[in-house]
Amino acid sequence: MINAPEGTRDLLPDEAAFWKEFQRIAADEFGKYGYVAIDTPIIEQTELFVRGIGEATDVVSKEMFTAISGENLKTLLGGGHIKGKSRLSLRPEGTAGVVRAVLQHDLVPQGAAPAKLMYAGPMFRAERPQKGRQRQFNQVGVECLGADDPTIDAEGIIMLMRFFERVGFAASDITLLVNSMGCDQCRPAYRELVREHLQAHADDLCETCLSRMELNPLRSFDCKNPDCAAIMETAPRITDHLCDECRDHYSRVRRLLDGAEIAYREDSRLVRGLDYYTRTVFEVQIADNDHAQNAIGGGGRYDRLAEEVGGRAMPGFGFALGYERCAIALAERGLMFPTARRCDVFVACATDDARDAAFELAQLCRDQAISTELDHQGRSLKSQFKLADKLNARFVVILGSDELSQGLVKIRNMVNHDEQLVDVQLAVATLGSLM
Ligand code: AMP
């Protein structure tokens, strides 16, 4: 028996239906703000993620799955070298691919309105699997390219919070953390201050923080080691070192959120794991969660990413939310909305010689857009009724030999148990009028 790979999950039919509904609500909510769907490949050139997300990030340096074609595998095993364009990775996140597509197809020509795009689908990270941390997981995300106005950040955060409300979270279930990470003008000097702070406490840092001190000192804000956490408590705060433009941008975002009565907490230690963020960053956490994986969504502004991946300068903003973590939190609250399978009509036969007629009638119903099921296993009439119940059929059509010989069928309403005999020729029309 071969099971699903470690860190992956099957979404069985009930949950697959829930995931579809989850995506539908997202598309509906984000659509109100002008976001439209985009679908980019699951594999991209590795270089895109290296340049876009950053070589020193955990996601790129440790967690990326490389995709190797059969031909390239042979080359590798033969001691050969795979050329740049053929070096492919499974996408660990959605932003880099969407930005690549926007640049490649020039979706935001000079002077055009921003592109507002949304996606939903699987992402891949070779992490150590645990509850809420998988190797393949689903994200819903949005990206807005071509505008740096704080209104984009604010409306993005607002629509994400509206989405969480719509899937069932109460305001008290979730916490929104916001911060600004500054820009190319102010962050390098700040990063240097943090590096100096780490340097001064180098003797007490964990191995990881020590090793990333030079390349990526801001990552230490995320370190779970208690000694490092204590050291970072006293580290300089980015919000004390923002340039004037970044300070204005950040205060306008907060004002707009205040105006929309969105509750949030400022957290100057919030630095997100990917290198591309500038200015606004935010994260949504499950409030009372005792799991380690309490972040259900997050994102921010990335005004430098388009250039990093080789395009022209183009400001951007986006977020991604993790479906599985939301589903776990919703299930814990009994809020996983029911997605019971339903069929409108079940065609049952009282005798075996009515089976072909049942098959035909079922097909006629389906062709009139009535979802219809019938028995495929030679069940008794009693057991067909049980099945119809299980499928939540609203009506059962019974084909009995006596009735059929008179050209009639019986339609039973499974909710109020009313029954009527109708001409077999009129059965579909009658059922249609009952829908
Ligand atoms: P990130 O791209 O890391 O900002 O992640 C955005 C969201 O995706 C997080 O808030 C999580 O909800 C979800 N997520 C990230 N990594 C994983 C993972 N390994 N397994 C499940 N969900 C994840």
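Residues numbered from 1 in each chain as written. Predicted model: local features only at pLDDT ≥ 70, side-chain atom pairs only at ≥ 80, totals over all residues. Heavy atoms only, no water.

## Things to note about the sheet that holds strand S4 (residues 88-90)
Then step 1. Reading across the sheet, the 3 strands line up as S2-S4-S3 and stay open at both edges, with antiparallel pairing between neighbours. Two strands bound the open sheet, and with one partner strand each, they are strand S2 (43-45) and strand S3 (66-67).
Then step 2. Bridging between S3 and S4 involves 2 bridges; their strand directions are antiparallel. Residue pairing in the sheet places Thr66 in a bridge with Ser89 of S4.
Then step 3. Seen against the sheet, helix H2 (residues 46-53) touches S2 and S4 and runs at an angle of roughly 75° to S2. (Pairing = 2+ DSSP bridges. Helix = DSSP H or I, 4+ residues; strand = E, 2+ residues; numbered from the N terminus. Contact = heavy atoms within 4.5 Å. Axes fitted to C-alpha atoms, helices over the stretch in contact; angles between N-to-C directions.)

## Brief notes about the sheet that holds strand S10 (residues 295-301)
Then step 1. Reading across the sheet, the 8 strands line up as S1-S5-S6-S11-S10-S9-S7-S8 and stay open at both edges, with mixed pairing between neighbours. At either end of the open sheet lies a strand with only one pairing partner, and these are strand S1 (36-37) and strand S8 (265-266).
Then step 2. Across 2 bridges, strand S7 (residues 174-180) lies against S8 in parallel orientation. Bridge pairing in S8 links Leu177 to Arg265.

## Some details on helix H5 (residues 95-104)
Then step 1. A large share of H5 lies buried, amounting to 8 of its 10 residues.
Then step 2. Considering only its buried residues, H5 is in contact with S2, H2, strand S5 (115-124), strand S6 (136-145) and helix H11 (305-308).
Then step 3. A positive backbone phi angle near 50° is found at Asp106, which sits one or two residues after H5. (Buried < 20%, exposed > 50% of the residue type's maximum accessible area, 1.4 Å probe, protein only.)

## Considerations on the side chain of Thr40
Then step 1. Looking at where Thr40 falls in the secondary structure, it is placed in the loop between S1 and S2.
Then step 2. The contacts of Thr40, once residues within four sequence positions are left out, are Arg91, Gly97, Val98, Arg100 and Ala101.

## Quick look at the packing of helix H1 (residues 13-31) against helix H12 (residues 323-332)
Then step 1. Closest axis-to-axis distance for the H1/H12 pair is 12 Å, and the angle between their directions is 110°. Between H1 and H12, the angle falls in the class roughly perpendicular. Note on element contacts: H12 touches H1 through Tyr323, Cys326, Ala327 and Leu330, opposite Glu15, Phe18, Trp19 and Phe22.
Then step 2. Its residues assigned to classes, the contact of H1 with H12 shows 7 nonpolar, no polar and 1 charged. (Parallel < 35°, antiparallel > 145°, perpendicular 65-115°, else oblique. Nonpolar A, V, L, I, M, F, W, Y, C, P; charged D, E, K, R; others polar.)

## Description of the pattern of salt bridges
Then step 1. Scanning the model with the defined rule gives 32 salt bridges in all.
Then step 2. The residue Asp344 makes a salt bridge to Arg394 at a minimum N-O spacing of 3.4 Å. Pair noted here: Asp344 is in the loop between H12 and strand S12 (345-349) and Arg394 is in the loop between helix H14 (381-390) and strand S14 (395-399), with a separation of 50 residues, a long-range link.
Then step 3. What makes Asp344 buried here is its relative accessible area of 17%.
Then step 4. Several salt bridges converge on common partners, so that one network encompasses Asp28, Glu29, Lys32 and Arg166. (Salt bridge = Lys/Arg side-chain N within 4 Å of Asp/Glu carboxyl O.)

## Some points on the packing of aromatic side chains
Then step 1. Under the definition given, this model contains 12 aromatic pairs.
Then step 2. Ring centres of Phe30 and Phe163 lie 5.8 Å apart, and the angle between their planes is 50°; on these two criteria the pair is classed as tilted. Of this pair, Phe30 sits in helix H1 while Phe163 sits in helix H6 (residues 150-167), and the two are 133 residues apart along the sequence. Accessibility classification places Phe30 together with Phe163 in one group, the buried group.
Then step 3. Taking the centre distance of 5.9 Å and the plane angle of 75° together, the rings of Phe164 and Phe169 count as edge-to-face.
Then step 4. Taking the relative accessible area as the measure of exposure, Phe164 reaches 0% and is therefore buried.
Then step 5. Judged by its relative accessible area of 3%, Phe169 is buried. (Phe/Tyr/Trp six-rings, centres within 6.5 Å; stacked < 30°, edge-to-face > 60°.)

## Some words on unusual backbone geometry
Then step 1. Of note, Asp106 is a non-glycine position whose phi angle comes to about 50°, a positive value.
Then step 2. When its relative accessible area of 44% is taken as the criterion, Asp106 is described as partly exposed.
Then step 3. Notably, Ala369 is not glycine yet its phi reads approximately 65°, a positive angle.
Then step 4. Given a relative accessible area of 70%, Ala369 falls into the exposed group.

## Here we look at helix H10 (residues 244-259)
The periodicity of an α-helix, 3.6 residues per turn, causes residues three or four places apart in sequence to face the same way.
Then step 1. For H10, built from 16 residues, the straight-helix expectation of 22 Å at 1.5 Å per residue is met to within 8% by its first-to-last C-alpha distance of 22 Å.
Then step 2. Looking at H10, one finds that the buried residues are Cys246, His249, Tyr250, Val253, Arg254 and Leu257. Down the axis of H10, the smallest arc covering the buried residues is 130°, so these residues share one side. Opposite the buried face of H10, by more than 90 degrees, sit the exposed residues Asp244, Glu245, Asp248, Arg255 and Gly259.
Then step 3. Next to the buried residues of H10 lie H6, S7, S8, strand S9 (278-286) and S10.
Then step 4. Glu261 sits one or two positions beyond H10 and adopts a positive phi of about 55°. (Expected span 1.5 Å × (residues − 1). Arc of directions from axis to C-beta.)

## Brief notes about the site of the ligand
Then step 1. Taken together, 14 residues lie around the ligand, and Arg125, Glu127, Gln134, Arg272 and Ala295 are the ones closest in.
Then step 2. Here an oxygen atom of the ligand sits 2.8 Å away from a polar atom, N or O, in the side chain of Arg125.
Then step 3. Separating an oxygen atom of the ligand from a side-chain N or O atom of Gln139 is a distance of 3.0 Å.
Then step 4. For the ligand, whose accessible area on its own is 480 Å², the fraction buried by protein is 92%.
Then step 5. Of all the secondary-structure elements, those providing two or more residues to the shell around the ligand are S6, S10 and strand S11 (316-322).
Then step 6. The element best represented in the shell around the ligand is S10, accounting for 3 residues.
Then step 7. Across the shell around the ligand, the residue classes tally to 4 nonpolar, 5 polar and 5 charged. (Near = heavy atom within 4 Å. Polar contact = N/O pair within 3.5 Å; in protein donor to acceptor, adjacent residues only side chain to side chain. Areas by Shrake-Rupley, 256 points an atom, 1.4 Å probe, with all protein chains shown as cover.)

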